[in-house]
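Each chain, letter by letter, is given below.
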Amino acid sequence: MSWEFISNLLLASVRMATPLIFLALAELYSQRAGLVHIGLEGLASIGSLVGFLVSLITGNPFLGVLAGAAAGILVNMIYALCAEQIVYGMAINIFAPALASFIYRVYFGAGSELVQVSLMETLASRMGITANGFIAKLFLDQTPMVYLAYLLVVFTVIYFNRTKSGLNYKAVGEYPKAAATLGIDVIGIKYTASVICGALAGIGGAYLTTCYTTTYVDGNIAGRGFIALAAVIFGRWNAGGVLIACLFFGFCDALQIRLQVGSYNIPYQFFQMIPYIATVVVLAAIGMKKAGPKSCGKPYRKEER
């Protein structure tokens, strides 16, 4: 195992952790407001397709990402209006990927050739320089979306722990009725959480078709929504912990790809199981000793006492 193999694995881990970070932060903001969202897979699917189409039509991956965020918000408004969070979360997981597949086939036609788009340039490419060496590639040979993901983690840590608005936000997820008596707009925060969740999940999906792969295919989210949900539990509903969890799962994903390339006489499906096995093992190991915000999954009705 050479240093080149290790360095490439670590660099790939950072890139593959990026969509997980967006999706996990989407879930974190949702759960901190008392909304358990298991529909991340669906939101990411529609964000991926819309981001791909807009990027293809305009030639601008940044517009693709913004369109993916808008699509995620639009679909998530269905969830925001519903009381049965688990049921409608699963409905989004069924509806959104099917809608994305339908739109793709309507736009390109059945049996069409694989359509490709130009990916978002890395910082080094935009600066016109070549990143040589591990450190240079780690900090310069990344797309702007990678930097945005990690900046959002820092912002989230500060927001939830150092601002009055963030503390009010968390109070809604813990004791919404008590928060309402203090003048906190519980309904408003829950709607805000739905918008943030939809936007971040849409961006996570759009990242895959504007920064990672040049085309859209059905099932390209590949369970990342559920892995992100596990990352929130693994990270104990803390942005710093969520980042560590996403880097771990990103490492597992990068590792399985490289093991497929270098394996002999071993079915590639065996290596594809690694991220999902890691998810199950981690959840089984850490358990649910801390069950997250107290009001998670419970509908809030203003008239109830």
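Residues numbered from 1 in each chain as written. Predicted model: local features only at pLDDT ≥ 70, side-chain atom pairs only at ≥ 80, totals over all residues. Heavy atoms only, no water.

A look at the state of the cysteines
Note on terminology: a disulfide is the covalent bond linking the sulfur atoms of two cysteines.
Piece 1. For the coordinates displayed, the defined rule picks out zero disulfides.
Piece 2. The closest cysteine sulfur to the non-disulfide-bonded Cys252 is located on Cys246, 12 Å from its own sulfur.
Piece 3. Cys296 forms no disulfide, and the closest cysteine sulfur to it belongs to Cys197, at a distance of 12 Å.
Piece 4. Taking the relative accessible area as the measure of exposure, Cys296 reaches 18% and is therefore buried. (Disulfide = S-S within 2.5 Å. Buried < 20%, exposed > 50% of the residue type's maximum accessible area, 1.4 Å probe, protein only.)

Details of a nonpolar patch on the surface
Piece 1. A cluster of nonpolar side chains, contributed by Ile266, Phe270, Met273, Ile277 and Val281, occupies part of the molecular surface with about 450 Å² of accessible area.
Piece 2. As for its position among the elements, Phe270 is in helix 13 (residues 268–272).
Piece 3. Overall, Phe270 belongs to the partly exposed group, its relative accessible area being 48%. (Patch = residues over 30% accessible without salt bridge, like charges linked within 9 Å, V, L, I, M, F, W, Y side chains within 5 Å. Areas by Shrake-Rupley, 256 points an atom, 1.4 Å probe, with all protein chains shown as cover. Salt bridge = Lys/Arg side-chain N within 4 Å of Asp/Glu carboxyl O. Helix = DSSP H or I, 4+ residues; strand = E, 2+ residues; numbered from the N terminus.)

Some remarks on unusual backbone geometry
Piece 1. Its identity as a non-glycine residue notwithstanding, Arg236 has a phi of 55°, on the positive side.
Piece 2. On the basis of relative accessible area, Arg236 is assigned to the partly exposed category, the value being 23%.
Piece 3. Even without being a glycine, Trp237 presents a positive backbone phi close to 60°.
Piece 4. You can see Trp237 is positioned in the loop between helix 11 (224–234) and helix 12 (239–262).
Piece 5. A relative accessible area of 3% places Trp237 in the buried class.

Quick look at the nonpolar core
Piece 1. Counting 72 residues, the largest nonpolar core has Phe52, Met145 and Tyr169 as the members making the most contacts within it.
Piece 2. No other element matches the eleven residues that helix 10 (residues 186–212) contributes to this core. (Core = buried A, V, L, I, M, F, W, Y, C linked by side-chain atoms within 4.5 Å.)

With respect to the packing of aromatic side chains
Within a pair of aromatic rings, the relevant descriptors are the distance that separates the centres and the angle that separates the planes.
Piece 1. Taken as a whole and judged by the stated rule, the model has 15 aromatic pairs.
Piece 2. Both rings, one in Tyr29 and one in Tyr169, keep their centres 6.1 Å apart while their planes meet at 85°; by these two values the pair is edge-to-face. Here the residue Tyr29 occupies a position in helix 1 (residues 3–32), and Tyr169 occupies one in helix 8 (residues 164–174), the gap between them amounting to 140 residues. Each of the two residues, Tyr29 as well as Tyr169, counts as buried.
Piece 3. Taken together, a centroid distance of 6.4 Å and an interplanar angle of 40° make the contact between Phe52 and Tyr104 tilted. With Phe52 in helix 2 (residues 40–58) and Tyr104 in helix 4 (residues 85–108), this pair connects stretches of sequence that are 52 residues apart. (Phe/Tyr/Trp six-rings, centres within 6.5 Å; stacked < 30°, edge-to-face > 60°.)

Structural notes on the packing of helix 1 against helix 8
Piece 1. Taken N-terminus to C-terminus, the directions of helix 1 and helix 8 make an angle of 70°; their axes are 7 Å apart at the nearest point. With respect to helix 8, the element helix 1 is oriented roughly perpendicular. Along the contact surface, helix 1 presents Tyr29, Ser30 and Arg32, while helix 8 presents Tyr169, Lys170, Val172, Gly173 and Glu174.
Piece 2. Here the residues of the contact of helix 1 with helix 8 sort into three nonpolar, two polar and three charged. (Axes fitted to C-alpha atoms, helices over the stretch in contact; angles between N-to-C directions. Parallel < 35°, antiparallel > 145°, perpendicular 65-115°, else oblique. Contact = heavy atoms within 4.5 Å. Nonpolar A, V, L, I, M, F, W, Y, C, P; charged D, E, K, R; others polar.)

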